Amino acid sequence: MPRCIAFTRRVPPSIVRCELTHLAREPIDLPRANAQHRAYEHALEGLGCRIERLLDLPDQPDSVFVEDAAIVFDEVAVIARPGAASRRAEIASVESTLEQWRPIVRIEAPATLDGGDVLVAGRRVYVGISRRTNEEAARQLAHLLRPHGYTVAPVAVTGCLHLKSAVTLAAADTLLVNPAWIEGAALDGFHAISVDPSEPMAANVLRIGDVTLCAAAFPRTRERLEQRGIQTRPVDASELAKAEGALTCCSLIVANIH
Ligand code: CIR
């Protein structure tokens, strides 16, 4: 019996025209990207998720990165308003799927918010203020979540695309961080493990149950997690990394399904 649903979307052929902010464009090997994406889905299944594919959007270059379209809480799903206008057409199919599972609330203009900028750690919600996500989004999110007992803290992000490029939850009480890209003081109250200095992109990991999925490209950081008693599993995500995507980006997890 699955514990959660992981919503994913197939890699569109148009990904070769994806948004890029910090990386130079490199050729993406589509068959390889597809194979890695399927392996990612299998890894999630192995951790107790049921995979459900969202509608294919072949002409939306970044549509495989479903995390940016919404943030799912136990009580509510928040539909985002992506900072890149080219990505707003991804939202509708996410909303029509999630409304079957959660009451829907929305981030509205002039706010912009990418799900990749929202890190949920228990009842604490960190919002990266980045090129994609603005202060108004943090204010709206705080207002939407207050009735459900969450507090929202903005965190300045520099040097990377999203907050979760710089910090994710590696265990219930432990963050994996690249301290160069965020204001660390804002994340007080958690244990912190830094990425290996030779692996600046390694902070994006995906915790499902008691296991943390890590990108295979960053073995030294994974070793740091293992040394702290965190059970990890490597996943090769090298092709989608060329599109500035990492592990959390490729799924929307709906937990506590009944
Ligand atoms: C973008 O720039 O929007 C995509 N090429 C990558 C989005 C990755 N999403 C994420 O980190 N949550």
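Calculation notes
- Residues numbered from 1 in each chain as written.
- Predicted model: local features only at pLDDT ≥ 70, side-chain atom pairs only at ≥ 80, totals over all residues.
- Heavy atoms only, no water.
- Pairing = 2+ DSSP bridges.
- Helix = DSSP H or I, 4+ residues; strand = E, 2+ residues; numbered from the N terminus.
- Axes fitted to C-alpha atoms, helices over the stretch in contact; angles between N-to-C directions.
- Near = heavy atom within 4 Å.
- Polar contact = N/O pair within 3.5 Å; in protein donor to acceptor, adjacent residues only side chain to side chain.
- Areas by Shrake-Rupley, 256 points an atom, 1.4 Å probe, with all protein chains shown as cover.
- Buried < 20%, exposed > 50% of the residue type's maximum accessible area, 1.4 Å probe, protein only.
- Phe/Tyr/Trp six-rings, centres within 6.5 Å; stacked < 30°, edge-to-face > 60°.
- Lys NZ or Arg CZ within 6 Å of the ring centre and 35° of its normal.
- Contact = heavy atoms within 4.5 Å.
- Core = buried A, V, L, I, M, F, W, Y, C linked by side-chain atoms within 4.5 Å.

1. Quick word on the sheet that holds strand S4 (residues 77–79)
With respect to topology, 3 strands assemble into an open sheet ordered S3-S4-S5, the strand pairing being mixed. Of all strands in the sheet, those bounded by a partner on one side alone are strand S3 (70–72) and strand S5 (104–106). Ignoring which end each strand starts from, the neighbouring axes of this sheet average 20° apart. Note that S4 and S5 share 3 bridges and pair parallel.

2. A short note on the site of the ligand
In the region of the ligand, 14 residues are neighbours, and Glu19, Asp62, Glu67, Asp68 and Ala243 sit closest. Residue Ala243 places a main-chain N or O atom 2.7 Å away from a nitrogen atom belonging to the ligand. Taken by itself the ligand offers 340 Å² of open surface, and the protein chains cover 98% of this.

3. Comments concerning unusual backbone geometry
In this structure, Pro110 follows Ala109 across a cis peptide bond, with omega equal to 10°. With respect to the helices and strands, Pro110 occurs in the loop between S5 and strand S6 (118–121). Its identity is not glycine, yet Asn256 carries a phi of approximately 50°, on the positive side. By relative accessible area, which is 45% here, Asn256 ends up partly exposed.

4. So, the packing of aromatic side chains
Counted by the stated rule, this structure contains 2 aromatic pairs. Consider the rings of Phe73 and Tyr150, whose centres lie 4.9 Å apart with planes at 65°: the pair is edge-to-face. In this pair, Phe73 is assigned in the loop between S3 and S4 and Tyr150 in the loop between helix H3 (135–145) and strand S8 (151–156), connecting sequence segments 77 residues apart. Owing to a relative accessible area of 3%, Phe73 belongs among the buried residues under this scheme. Tyr150 gets classed as buried once you look at its relative accessible area, which sits at 7%. Ring geometry for Tyr126 versus Phe190: centroids 6.4 Å apart, planes at 65°, classification edge-to-face. A residue pair is termed long-range when its members are at least 10 positions apart, and Tyr126 in strand S7 (residues 124–129) and Phe190 in the loop between strand S10 (174–177) and strand S11 (191–194) qualify at 64 residues. In this arrangement the basic side chain of Arg123 is found over the ring face of Tyr150, its NZ or CZ atom lying 4.3 Å from the centre.

5. Some remarks on the pairing of S10
Side chains Thr174 and Leu176 of S10 all project onto a buried face; the interleaved residues Leu175 and Val177 project onto the opposite face, where all are buried too. Note: strand S9 (residues 167–171) against S10, 4 bridges, orientation antiparallel. The partner of Ala171 across the bridge, within S10, is Thr174. Following S9, the chain reverses through 2 residues before pairing antiparallel with S10.

6. Describing the sheet that holds strand S12 (residues 206–208)
Spatial strand order, S12-S13-S14: 3 strands in an open sheet with mixed pairing. The sheet is open, and its two borders are formed by S12 and strand S14 (232–235), each paired with just one other strand. With direction set aside, neighbouring strand axes in the sheet form an average angle of 30°. Here S12 pairs with strand S13 (residues 211–215) via 3 bridges, running antiparallel. Directly across from Leu206, in S13, lies its bridge partner Leu213. Set on the sheet, helix H1 (residues 30–46) makes contact with S12, S13 and S14; between it and S12 the angle comes to about 35°. Packing of helix H5 (residues 219–227) onto the sheet brings it into contact with S13 and S14, and relative to S14 it is tilted by some 165°.

7. Thoughts on the nonpolar core
Counting 25 residues, the largest nonpolar core has Ile15, Leu44, Phe65, Leu213 and Leu240 as its most contacted members. Listed by contribution, the elements that provide at least two residues to this core are strand S1 (4–8), H1, strand S2 (49–53), S12 and S13. Ranked by residue count, the leading element in this core is H1, at 4 residues. Residues within four places of Leu240 in sequence aside, it is in contact with Val11, Ile15, Ala33, Gln36, His37, Val64, Phe65, Gly245 and Cys250. Counting residues in each nonpolar core, the second largest holds 19 residues, with Val118, Val125, Ala137 and Tyr150 among its members.

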